[in-house]
Amino acid sequence: VDPQFRDLVPELKPEPARRRHRAYESPDDDIPQWSSLTPRERQIASLVAQGHRYKEIAKTLQISAQTVRNHLRNIFEKLQINDRVQLALFTLQRNN
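It is not clear to me how the overall build of the protein chain should be interpreted in this structure. Could you clarify?
Scanning the protein chain from terminus to terminus reveals five helices and zero strands. Ordering the α and β elements of the protein chain from the N terminus gives α-α-α-α-α. Among the 96 residues that make up the protein chain, the fraction classed as buried is 35%. A separation of at least 24 residues holds for 59% of the contacts in the protein chain among residues at least 6 apart in sequence.

Following this line, the structure appears as structure tokens:
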């Protein structure tokens with residue numbers, strides 16, 4: 001994890017933390033990557049990284065807030081992450 005973001009990553013148990021945080025450190029490891037997301041999931045991930053909330057994303061994309069939540073649940077599962085902060089960090093690193 002980039003040192004400037006380390007304080008934003010929640011404290012996790014040692015083994016799960018290594019597995020979850022490896023997604024940020026190396027695009028070559030065995031954790032599913034950005035390419036595993038659909039174009040709509042990538043769009044939603046980018047909006048989350050920009051700080052938008054469910055309702056704002058829903059309004060922007062003309063979908064329901066529940067659909068946004070469903071997409072986020074799928075994104076979290078595919079990227080093996082747990083929350084919007086981790087998604088934002090992952091997305092920002094991928095777009096740099």
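Explanation requested: the side chain of Q86 in the structure shown.
The residue Q86 is located in helix 5 (residues 84-94) in this model. For Q86, a relative accessible area of 1% corresponds to the buried category. Here the side chain of Q86 touches N82 through a polar contact of 2.7 Å, landing on its backbone nitrogen.

How should I be thinking about the environment of H52 in this particular structure?
Summarising the element assignment, H52 is placed in the loop between helix 2 (39-49) and helix 3 (54-61). Among residues more than four places away in sequence, those in contact with H52 are L47, I57 and R84. In this structure the side chain of H52 is engaged in a polar contact, spanning 3.4 Å, whose partner is the side chain of Q50.

Explanation requested: the packing of aromatic side chains in the structure shown.
The description of an aromatic ring pair uses the distance of the two centres, along with the angle that the planes make with each other. With the rule as written, the count across this model stands at one aromatic pair. Their ring planes at 35° and their centres at 6.5 Å tell us that W34 and F90 sit as a pair that is tilted. Separated by 56 residues along the polypeptide, W34 in the loop between helix 1 (14-25) and helix 2 and F90 in helix 5 bring together distant segments of the chain. No difference in accessibility class separates W34 from F90, as the two residues are buried. The cationic tip of R69 hangs over the ring face of Y54; the distance from NZ or CZ to the ring centre is 4.7 Å. Here the guanidinium or amino end of R84 rests over the ring plane of Y54, the centre of that ring lying 5.0 Å away.

Definitions and cut-offs
The written sequence of each chain sets the order in which its residues are numbered from 1. Side-chain atom pairs in this predicted model are given and counted only at pLDDT of 80 or more, local residue features only at pLDDT of at least 70, and totals for whole chains, interfaces and linings cover all residues. Hydrogens and water are ignored here; the side-chain numbers use all heavy atoms of the structure. In this text, helices come from DSSP runs of H or I with a minimum length of four residues, and strands from runs of E with a minimum of two, each type numbered from the N-terminal end. Exposed residues in this analysis have more than 50% of their type's maximum accessible area, buried residues have under 20%, and partly exposed residues fall in between, with area computed by a 1.4 Å probe over protein chains only. For this analysis, residues touch if any pair of their heavy atoms sits within 4.5 Å. Throughout this description, a polar contact denotes any pair of N or O atoms lying within 3.5 Å of each other; where both atoms belong to protein, one of them has to be capable of donating a hydrogen while the other can accept it, and for residues adjacent in sequence the pair is counted only when both atoms sit in side chains. For Phe, Tyr and Trp, where Trp contributes only its six-membered ring, two rings pair if their centres lie within 6.5 Å, and the inter-plane angle classes them as stacked under 30 degrees, edge-to-face over 60, or tilted in between. Charge over a ring is defined by NZ of Lys or CZ of Arg lying within 6 Å of the ring centre and within 35 degrees of the ring normal.

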